[in-house]
Amino acid sequence: MIVIRVALDVPVFKLFDYLSVDATEADIGARVLVRFGNRRLVGLIVEVATKSELPDDRLKTCERILRDIPPLPKDWIELARFCSNYYQAPIGAALLGALPPRLRRVEPLPESPRSYAITQAGRLALEALPARQKSRRRLLETLRLAPLGSTSLAKIVRGSRAHIKDSLNKGWIAEQALSITPPNFTVAHELNGEQSEAIKQVCSELNRFASFLLLGITGSGKTEVYLNLIAKTLQAGRQALILVPEIALTPSLEALFRARFPETRLCLQHSGMGQAERVQSWLEASQGASHIILGTRLAVFIPIPRLGLIVVDEEQDSSYKQQEGLRYSARDLAIFRARQADVPVLLCSATPSLETLYRAQTGRYRILRLTRRAHQSARLPAIHLIDTRKNLLREGLSAPLLTALAQRLERQEQSLLFLNRRGYAPVLACTHCGWVSGCPRCSVRLVVHLSRQQLSCHHCGFEARIPRACPTCGNVDITPLGRGTQRVESEVAEKFPLARIVRIDSDSAGRHIKGLLETVRSGEADILIGTQLLAKGHHFERVTLVGVLNADAGLFAADYRAPERLFAQLQQISGRAGRAELPGEVFVQTRYPDHPLYRALLQQDYEGYAQDLLKERKIAGFPPFVHEAALRAQASSMESAISFLRQAASLAPASAGDLTIFDPAPASLARLSGLERALMVIQSSSRPQLQAFLHSWNQTLSANRTSVRWHFDVDPIEF
């Protein structure tokens, strides 16, 4: 019997030995079905040995090795091992957590990806098909343009499987072998000198590892730069991985890639996909059949056999850090993976994180600057600060902003109102006794959603009907306080009854965001109202006015990263205005127009403001000048969580050098989903020293049983 060492998705920091009758070295990376206690689990074979430290009579025999897909490659296993070691996570959680959910279960997998092309009989049939057969016509018309795979056709044609089968039987289409021939690249824009120089510098390193920061103002054509680099990569017969921070950005980028790379085999990966579609796309990419892999942070784990380039768009975005389960940074793993594959990685941003900017300034990354807008006639928008101490707000809107909105409506231009708070109002309150709508499970307020007549927690999902009277004193005069996007929408509709208003936030968009964005681009909307979903990556040529309604909300947050994030958010949303021939303006409503952040925003000088923030970080002893980790605890009471952290501190290994453990404290969101949360921060000037310390401490804590849930968070971005 052969011994196989298996990784299982359980909270234990080790591999598990099982016996197998037919395992070989070739099965390393294969999935395997085993018994674990009274459960049947899918694991991953990491090692094959001839004997175990345990006697054979104590080892279970695996039920079977799942050979329905090729074993995962060794470099992929090493990526997961690094993730486990660096982020102090169990190896099984890293390996299995990186797989699509369907591969973690024993289920029949989708058929291997297939590609179809129209035949001459199909072209003739298309001419004769009646207009009422819309889906069948759409299938043939799509394939007349270019051969496509079944995954792509499923997104374009309703009921594609049945129509494909019928068309195959009639000889209208034929199956094609998957091809890795690079698609054509459609040149749509003439590059300016800065773009050409950036492409030249990256191309000089296409065959080896190099880290680049593409630092360009909004509208400077960063996307055009990496599109050209992707084309160079595909021409060399290799694949490109593009990471984006949010699902909302994938539809527009997918459409762009399909337009610029006809016949592209594009793999999408994000949590909003159906499980069957996600695993099929994952398999296609891992078999080398996809040219371009586009996805959110989870796409960083896709096996890519011919990887040639990694692009991380909007690299500063906090969405790249996973906050549950395996707590990894996709941006940092992308850099590790580029080094592992010996390929270049391109970090793109108009407002890079201070950590990335510092690394670029100290020579670890090469800076590529784009200092002017790509469209020849486009200029940066003029920014105006509206002092709300002098210009009183009426229903959240100042007189100068209302005047500017009216002017845009007269000129048939588009306006965008930005408020990073969805719902109707952030809280419901009683004016008599002071009661406010608090979440019973979290230390936050329930948000008023008037259209659904519900109070909702945006953290745990708890919902309740809006009460008719105060639950405490019975007063019927309960009032929504503050404003969310829904309330702004109703107020703007009342002031401008003829305006076509589109609200885009996670409540209104969902799976319909692609249609909403198309409505905006086609000119069928006059006023856009939205959250951060509108702040990044969108190109609206007719938007000439951006109004920021509540910027001050992020100005005095306790988190030391708050100023950096607020400036990035304001600069990004400002960049939506004046991206084409029409000049743009930005109105920021604030009570603190003399704040240094707003003064830097007026000058559109992110790098200058970032230098000031870096000086403050250095004096205060914050990243990037130190390295951080947090030990987080969750318990039924805050006393239990704090007590655990104090006990954990007493078990910490002795450390030499510059390493500091701070006292336990409640988390900024102290109660979440019924559990009290606390944390303890650890800092060191040496990353290797911090890693060694955490590894030893992790082993000690894992050996001690406790009812408190705990985990390490390496390089935390929230406290």
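What comes next is a walk through the structure. (Residues numbered from 1 in each chain as written. Predicted model: local features only at pLDDT ≥ 70, side-chain atom pairs only at ≥ 80, totals over all residues. Heavy atoms only, no water.)

1. Concerning the packing of aromatic side chains
Note on aromatic pairs: each is described by the distance of the centres and the angle between the planes. Following the criterion strictly, the structure yields 17 aromatic pairs and no others. Both rings, one in Phe301 and one in Tyr328, keep their centres 5.0 Å apart while their planes meet at 75°; by these two values the pair is edge-to-face. With a gap of 27 residues between them, Phe301 in the loop between β12 (292-295) and β13 (307-312) and Tyr328 in the loop between β13 and α11 (330-341) connect regions that are remote in the sequence. Taken individually, Phe301 and Tyr328 each receive the classification buried, so the pair is uniform in this respect. A centroid spacing of 5.3 Å and a plane angle of 20° characterise the contact between Phe567 and Tyr609, whose relative ring orientation is stacked. Of this pair, Phe567 sits in helix α16 (residues 562-574) while Tyr609 sits in helix α18 (residues 606-620), and the two are 42 residues apart along the sequence. Across the pair, exposure class does not vary: Phe567 and Tyr609 are buried alike. By the ring-pair criterion, three or more aromatic residues cluster together here, those being Phe644, Phe693, Trp697, Trp710 and Phe712. (Phe/Tyr/Trp six-rings, centres within 6.5 Å; stacked < 30°, edge-to-face > 60°. Helix = DSSP H or I, 4+ residues; strand = E, 2+ residues; numbered from the N terminus. Buried < 20%, exposed > 50% of the residue type's maximum accessible area, 1.4 Å probe, protein only.)

2. Section: unusual backbone geometry
The omega torsion across Pro623 and Pro624 is 10°, close enough to zero to call that bond cis. Note on placement: Pro624 falls in the loop between α18 and β27 (627-635). The backbone of Glu314 sits at a positive phi, close to 50°, despite the residue not being glycine. Along the polypeptide, Glu314 turns up in the loop between β13 and α11. Look at Glu314 and you get buried, because its relative accessible area is 10%. Located in the positive-phi region is Gln604, a residue other than glycine, with phi close to 50°. With respect to the element layout, Gln604 can be found in the loop between α17 (596-602) and α18. When its relative accessible area of 24% is taken as the criterion, Gln604 is described as partly exposed.

3. Remarks on helix α13 (residues 399-411)
The first and last C-alpha atoms of α13 sit 19 Å apart over 13 residues, in line with the 18 Å expected at 1.5 Å per residue. The set of residues buried in α13 consists of Leu401, Leu402, Ala404, Leu405 and Arg408. Around the axis of α13, the buried residues are gathered within 160° of arc, so they sit on the same side. Buried positions along α13 lie against β16 (382-387), β17 (414-418), α14 (485-495), β24 (527-530), β25 (543-548) and β26 (585-590). Gln412 lies just past α13 and shows a positive phi near 60°. (Expected span 1.5 Å × (residues − 1). Arc of directions from axis to C-beta. Contact = heavy atoms within 4.5 Å.)

4. Looking at the nonpolar core
Ranked by size, the top nonpolar core spans 131 residues in total, and within it Leu95, Phe301, Tyr328, Leu631 and Trp697 carry the most contacts. When near neighbours in sequence (up to four residues on either side) are disregarded, Phe301 contacts Trp76, Leu79, Cys83, Ala98, Leu326, Tyr328, Leu333 and Arg337. Judged by nonpolar contacts, the second largest core, of 32 residues, contains Phe212, Leu227, Ile242 and Leu294. (Core = buried A, V, L, I, M, F, W, Y, C linked by side-chain atoms within 4.5 Å.)

5. Describing the pattern of salt bridges
Here the idea is simple: oppositely charged side chains can pair when their charged atoms come close. Enumeration according to the criterion identifies 44 salt bridges in this entry. Taken together, the shared-partner salt bridges in this structure form one network comprising Arg5, Asp17, Glu47, Glu78 and Arg81. (Salt bridge = Lys/Arg side-chain N within 4 Å of Asp/Glu carboxyl O.)

6. Looking at the sheet that holds strand β9 (residues 210-216)
Overall, parallel pairing links the 7 strands, which are arranged β11-β12-β10-β13-β14-β9-β15 in an open sheet. The sheet terminates laterally at β11 (266-269) and β15 (366-370), the two strands that pair on one side only. In this sheet, adjacent strand axes meet at a mean angle of 20° when their direction is disregarded. Along the sheet, helix α10 (residues 275-286) makes contact with β10 (239-243), β11 and β12, crossing β11 at roughly 130°. (Pairing = 2+ DSSP bridges. Axes fitted to C-alpha atoms, helices over the stretch in contact; angles between N-to-C directions.)

7. Remarks on the sheet that holds strand β7 (residues 148-149)
Hydrogen bonds along the backbone pair up the strands of a sheet, which may run parallel or antiparallel. Pairing within the open sheet is antiparallel, and its 3 strands lie in the order β7-β6-β8. Of all the strands in the sheet, just β7 and β8 (173-176) have a single pairing partner and so form its edges. Taken together, the 2 bridges between strand β6 (residues 115-118) and β7 define a ladder with antiparallel strand orientation. Paired with Ser115 across the strands is Gly149, a residue of β7. In the packing of helix α6 (residues 160-170) onto the sheet, the strands contacted are β6 and β8, and the crossing angle to β8 comes to about 105°.

8. Description of the pairing of β27
Counting buried residues in β27 gives 8 out of 9 residues, a clear majority hidden from the surface. Across 9 bridges, the pairing between β27 and strand β30 (residues 675-684) is antiparallel. Opposite Leu631, over in β30, you have Met680 as the bridge partner. Across 6 bridges, β27 lies against strand β31 (residues 709-714) in antiparallel orientation. Residue Leu631 lies in a different strand from β31, and its bridge partner there is Phe712.

9. What about helix α20 (residues 687-702)?
For α20, with 16 residues, the first-to-last C-alpha span of 22 Å sits near the 22 Å given by 1.5 Å per residue. Along α20, the positions that sit buried rather than exposed are Gln689, Leu690, Gln691, Phe693, Leu694, Trp697, Asn698 and Leu701. Where α20 begins, one side-chain oxygen reaches toward the backbone nitrogen of Gln689, 3.2 Å away; that side chain belongs to Ser686. (Polar contact = N/O pair within 3.5 Å; in protein donor to acceptor, adjacent residues only side chain to side chain.)

10. Let's talk about the pairing of strand β1 (residues 2-7)
Where β1 lies against strand β2 (residues 16-20), 5 bridges are found, and the strand directions are antiparallel. The residue of β2 that forms the bridge with Ile4 is Tyr18. Sheet topology places β1 next to strand β4 (residues 39-49); 5 bridges connect them, and they run antiparallel. Bridge pairing in β4 links Val3 to Ala49.

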